[in-house]
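Structural features, examined
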Amino acid sequence: MQNSNKAIIYAGLSVLSWSTVATAFKLALQLQTHFEMLLIASCTALVILATVMTFQSKWSSLALLSTKQWLLYALIGLLNPVIYYLVLFKAYALLPAQIAQPINYSWPILLLILIAIVSHQPIPHKKYIGMALSLGGVIIISAGSGQIQQSAIPVAGLLLALLSALLWAGFWIVNKMNQNVDNTVNLFAIFLFGSVYLLIATLFVPVNLTSNNGFLASMYIGAFEMAIPFIFFSLALKKTNNPVLINQLCYLAPFTSLFIIHLVLKEHIYTTTFIGLILIIVGIIFNEYFAGSRRTK
């Protein structure tokens, strides 16, 4: 099989994985707390990454990491998975999946703002167009969300969803400092620290893992949100000679996710959700491909 075809298959598997996790979040939250979900998911991701490290004979790469890099991973592991996913899961606990998912997906716009702040450089004027489109999408989703349950949607949930997008943008910036580290090694180090932090937290946070279905749902999240899709997406980028196409395939995930949310969770997907999500994606694509630099999750 040609490398280009393999790249598309790998990217497709990543997109399919990411498309299912919003639904998995809601199902798991019916059976476990957001902390219990994260504890199981993070440890599951760590085991999967350790297995991949073994098959790829990459354990020796850990010895090449400097003390400075290990200290940075200690910080990154606290930011993601610990803080980021605790905030994201809590947002999903408070909001319908069709609201939490697209708002979280607005992270590239917040990334643009953070980069401008960190680099002390003004945002190019053209990028304000994309920012306005995406922000308008978030507003439409938030304003129209009252129709979904015929009751007020918690403002705290909306703020947490936005905060999760901001945290992912912050993680993206910090994690770029280790961009020369192999992707699997990078992920393993991140989840090693994250899992250790969460295990230590069990000394202070009550944990009840008696629900087999909840345990399996959280394991699914660890596998298909935190580990496997990132491994496949990294392979796709290595195999392709058209990284733009691979990156663009990611924009299918939130739309496919809405279909799965409707099919499994029985949420009626409202027009405002579609319109808002389209505006968010159009704004991101405009800034990525028509107004400057390109990035990937």
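Note that this is a predicted model, so its numbers are computed, not measured.

**Some points on the pattern of salt bridges**
- Taken as a whole, this structure holds 2 salt bridges when the rule is applied.
- Between K58 and D182 there is a salt bridge; the shortest N-O distance is 2.8 Å. Here the residue K58 occupies a position in the loop between α2 (34–55) and α3 (67–94), and D182 occupies one in the loop between α8 (155–175) and α9 (183–201), the gap between them amounting to 124 residues.
- Residue D182 pairs with K238 through a salt bridge whose shortest N-O separation is 3.9 Å. Note that D182 is positioned in the loop between α8 and α9 and K238 in helix α10 (residues 212–239), a separation of 56 residues in sequence.
- On the basis of relative accessibility, which here comes to 24%, the residue D182 falls in the partly exposed class.
- Assessed through its relative accessible area of 56%, K238 is described here as exposed.
- A network of salt bridges, in which partner residues are shared, links K58, D182 and K238.

**Examining the nonpolar core**
- Among the nonpolar cores identified, the biggest contains 89 residues, and F25, F89, Y92, F191, I221 and M226 are the most heavily contacted of them.
- Among the elements that line this core, the one with the most residues is α3, at 12 residues.
- Ignoring anything within four residues of it in the chain, the contact list for Y92 reads A22, F25, K26, L29, A97, A100 and Q101.

**Describing the side chain of S257**
- In this fold, S257 is placed in helix α12 (residues 253–265).
- Within the structure, the side chain of S257 is placed 3.3 Å from the backbone oxygen of S19, a separation counted as a polar contact.
- For S257, the contacting residues outside a window of four places in its chain are S19, A22 and Q101.

How each quantity is defined
- Residues numbered from 1 in each chain as written.
- Predicted model: local features only at pLDDT ≥ 70, side-chain atom pairs only at ≥ 80, totals over all residues.
- Heavy atoms only, no water.
- Salt bridge = Lys/Arg side-chain N within 4 Å of Asp/Glu carboxyl O.
- Helix = DSSP H or I, 4+ residues; strand = E, 2+ residues; numbered from the N terminus.
- Buried < 20%, exposed > 50% of the residue type's maximum accessible area, 1.4 Å probe, protein only.
- Core = buried A, V, L, I, M, F, W, Y, C linked by side-chain atoms within 4.5 Å.
- Contact = heavy atoms within 4.5 Å.
- Polar contact = N/O pair within 3.5 Å; in protein donor to acceptor, adjacent residues only side chain to side chain.

The analysis is restricted to geometry; functional conclusions fall outside its scope.
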